[in-house]
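Each chain is listed here by its residues.
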Amino acid sequence: MNSSIVIRNGFRFISLVLVQVLIFKGFDADSNGFTYLSIFIYPIFILLLPIRTPTVLVVLLGFILGCVVDIFYDSPGVHAGASVFTAFIRSTVLNFLEPRGGFEVNASPTKGNYGINFFFPYAATLMFIHLLVYFSLEIFTPVFFDEIFLRTIFSFFVSMFFVILYQYLFNPKV
């Protein structure tokens, strides 16, 4: 990886964590009596890493990302566990959705590089998996499967809105 990619991803890491913990952590859906909504945008960092980044490095970065978010959320290991699983499954999702011509060597899987028809299923799959794992680890019992599922669904739609908004604001090509 060249230094511009490292700098860009370092800036993305810091800015996404700051937005997550300063803005979206403060969003309290419990005050309205609707406990099924959480907004997570920090997984965008994992989603937008260059495609050819080794899986071991993606998992390590996912672990670091999750640990940093866990520090601010006082949730030891929950965000880290979900981020590690998302980072691990990322290469499988990329292989499944790979375009006919393949991927460019140092490209990131963005809307600007591959279009919304590639990016939306890719991001939706990984965000759904991330949220399902997160809420499963948070609640940690299959007895509350209906609550896990509802929290995943409601949080998925709102989080995906912000993921797509992020793509249109910061990667407006195509």
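None of these values were measured; they are calculated from a predicted model. (Residues numbered from 1 in each chain as written. Predicted model: local features only at pLDDT ≥ 70, side-chain atom pairs only at ≥ 80, totals over all residues. Heavy atoms only, no water.)

Focus: the layout of surface pockets
Of the pockets and cavities examined, the largest pocket occupies roughly 540 Å³. Along its surface, the largest pocket is lined by 24 residues, and Arg12, Leu48, Tyr166, Phe170 and Asn171 are the ones closest to its centre. Counting residues per element, the ones that place at least two in the lining of the largest pocket are α1 (3-24) and α7 (145-170). Here the element with the most residues in the lining of the largest pocket is α1; it accounts for seven residues. Class assignment of the residues belonging to the lining of the largest pocket gives a composition of 14 nonpolar, seven polar and three charged. (1 Å grid on protein atoms, 1.4 Å probe; cavity = no way out; pocket = protein on both sides within 12 Å on 5 of 7 lines; lining within 4 Å. Points joined across faces, edges and corners; volume = space filled by probe spheres on them. Helix = DSSP H or I, 4+ residues; strand = E, 2+ residues; numbered from the N terminus. Nonpolar A, V, L, I, M, F, W, Y, C, P; charged D, E, K, R; others polar.)

Things to note about the environment of valine 158
Considering the arrangement of structural elements, one finds valine 158 in helix α7. Note on valine 158: relative accessible area 24%, which makes it partly exposed. Measuring from C-alpha to C-alpha, the distance between valine 158 and phenylalanine 128 comes to 11 Å, with 30 residues separating the pair along the chain. Leaving out residues up to four positions away in the same chain, valine 158 has contacts with Leu37 and Ile39. (Buried < 20%, exposed > 50% of the residue type's maximum accessible area, 1.4 Å probe, protein only. Contact = heavy atoms within 4.5 Å.)

Side note on α7
Over its 26 residues, α7 extends 36 Å from the first C-alpha to the last, a length consistent with the 38 Å expected when each residue adds 1.5 Å. Of all bends in α7, the biggest is about 25 degrees, found at phenylalanine 156. Within α7, burial applies to Ile148, Arg151, Thr152, Ser155, Phe156, Ser159, Met160, Val163, Ile164, Tyr166 and Gln167. (Expected span 1.5 Å × (residues − 1). Bend = angle between axes of the 7 residues up to and from the residue.)

Re unusual backbone geometry
One non-glycine residue, aspartate 74, adopts positive backbone phi at about 50 degrees. Mapping aspartate 74 onto the fold places it in the loop between α3 (55-73) and α4 (78-97). Judged by relative accessible area, which is 67%, aspartate 74 ranks as exposed.

Re the nonpolar core
Ranked by internal contacts, the top residues of the largest apolar core, which has 47 residues, are Leu65, Tyr122 and Met160. For this core, the leading source of residues is helix α6 (residues 116-139), giving twelve residues. Setting aside residues no more than four positions away along its own chain, methionine 160 makes contact with Phe120, Ala123, Ala124 and Met127. (Core = buried A, V, L, I, M, F, W, Y, C linked by side-chain atoms within 4.5 Å.)

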